[in-house]
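# Fold and contact review
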Amino acid sequence: MSGQMADGGWQMAQPEAESSPSPITHHPSPRSPGTPYRAGWIHFTNVAPILDSLVLPPGVTAITGVPTQMNAALLSGQVDIANISAVEFIRNADVLEALPDFSVAVLGPVYSVNLFHTRPLEDLRRVALTAQSAMSVALLEVLLRERGLSPVLERAEGEAETLLAQGFDGVLRIGDSALREWYGVVGPLTPETTMTSLPHAARGITVTDLAEEWFRLTGHPFTFAVWAYRKDNPPPSELVQAMREARREGIGHLAAVAERHARKLGLPERVVQHYLWNFRYHLEAPDRLGLHEFAAKAVPGHAPLTFGPRPGEERTRSSAAD
Ligand SMILES: C=C(O[C@@H]1C=C(C(=O)O)C=C[C@H]1O)C(=O)O
């Protein structure tokens with residue numbers, strides 16, 4: 001594992017994606033003095049407005065990976081802070097704390113957490129789940145339970161259309177590939193249309209946006225990710241400060257971020273712009289409400305959720321490596 005590379009890129013995480021979440025069974029001892037503070041970033045496009053401009057302070061290193069890799073890296077002590085699936089934060093609330101003002105949340109559709117299906121939800125028999133995601137699986141389970149549905153859920157990787165052709169009647173996908181596949185099914189966007197006026201079904205495939213379903217069910221935002229760390233190992237204030245500055249820069253130049261990522265994703269700039277401005281990155285009161293509501297439904301009996309000091313009230317830490 002090493003830090004930010006000279007070109008501003010990040011090293012990929014080594015561990016394999018974990019298919020099932022593992023609660024912390026032992027508490028890795030806090031860092032010894034002088035060792036770097038290690039961050040793990042899920043670097044999907046939806047966090048680009050926070051991470052693209054981030055300059056790590058001295059003494060902080062970072063790796064990147066998909067959500068289940070970063071969940072596992074934090075829980076095993078391989079990294080000290082990570083933007084993790086909110087459900088893992090909830091499941092491990094006895095030992096984890098989250099930054100008070102960082103989230104990946106949405107109110108309504110998210111566009112990148114999608115169930116692609118060929119039969120009505122009520123008639124689903126076999127649904128393929130991605131091992132990259134903990135949050136969307138937990139959300140799908142809640143939404144199915146609320147409707148009294150219990151299709152067989154199986155782990156299977158691959159593009160939605162391929163898996164549907166192989167006999168699954170539902171496929172759950174997340175992140176950049178889910179956004180691309182969603183657009184591949186319901187696009188293209190024309191000068192007359194907007195993201196929200198695109199159809200939900202085309203070519204025999206329906207796309208159900210799980211965050212939109214959550215909004216229909218609760219009227220609240222859905223919080224996919226928080227930035228969590230062990231309670232006894234909070235991030236240096238320089239790192240949190242750098243993250244806030246990077247977010248201010250990213251949100252202030254959202255069109256440029258969208259343009260860069262539209263090129264990488266092979267999607268129209270308008271699509272990526274809409275996708276990005278739709279996110280709620282500050283864990284505000286409605287996002288916490290959604291988080292608490294999801295916690296009560298998905299992890300009954302969980303320990304109280306705790307958050308670090310609000311901006312300006314950080315514990316004083318003299319340097320990243322003290
Ligand atoms: C909205 C998304 O959120 C991500 C989805 C996660 C998950 O499914 O476990 C975890 C972190 C989020 O940043 C997405 O990737 O599309």
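Everything numeric here is computed off the predicted structure, so don't read it as measured data. (Residues numbered from 1 in each chain as written. Predicted model: local features only at pLDDT ≥ 70, side-chain atom pairs only at ≥ 80, totals over all residues. Heavy atoms only, no water.)

What follows deals with the site of the ligand. For the ligand, the set of nearby residues contains 16 residues, the closest of which are F44, S85, S112, S133 and M135. S133 places a polar side-chain atom, nitrogen or oxygen, 2.4 Å from an oxygen atom of the ligand. M135 is positioned such that a nitrogen or oxygen atom in its backbone is 2.9 Å from an oxygen atom of the ligand. In isolation the ligand exposes 390 Å². Once the protein is present, 100% of that is buried. A class-by-class count of the residues in the shell around the ligand yields 10 nonpolar, six polar and no charged. (Near = heavy atom within 4 Å. Polar contact = N/O pair within 3.5 Å; in protein donor to acceptor, adjacent residues only side chain to side chain. Areas by Shrake-Rupley, 256 points an atom, 1.4 Å probe, with all protein chains shown as cover. Nonpolar A, V, L, I, M, F, W, Y, C, P; charged D, E, K, R; others polar.)

As for its position among the elements, T45 is in the loop between β2 (37-42) and α1 (48-51). Residue T45 is classed as buried on the basis of its relative accessible area of 2%. Separated by 3.0 Å, the side chains of T45 and D176 make a polar contact. Aside from chain neighbours lying at most four places away, what touches T45 is D176, H261, L265, V272, Y275 and L276. (Helix = DSSP H or I, 4+ residues; strand = E, 2+ residues; numbered from the N terminus. Buried < 20%, exposed > 50% of the residue type's maximum accessible area, 1.4 Å probe, protein only. Contact = heavy atoms within 4.5 Å.)

What follows is about the confidence of the model for the protein chain. Chain-level pLDDT for the protein chain is 90 on average; 88% of the residues reach the 70-or-more range. This stretch, residues 316-322, has a pLDDT under 50; its non-local contacts, to residues over four places away or in other chains, come to 19 contacts. The ipTM assigned to the predicted complex is 0.96, against a pTM of 0.90. (pLDDT = per-residue confidence, 0-100.)

One finds W41, F89, W182, F224, W227 and F294 to be the most contacted residues of the largest nonpolar core, which totals 107 residues. Examining the composition of this core, we find that eight residues originate from one element, helix α4 (residues 135-146), more than from any other. (Core = buried A, V, L, I, M, F, W, Y, C linked by side-chain atoms within 4.5 Å.)

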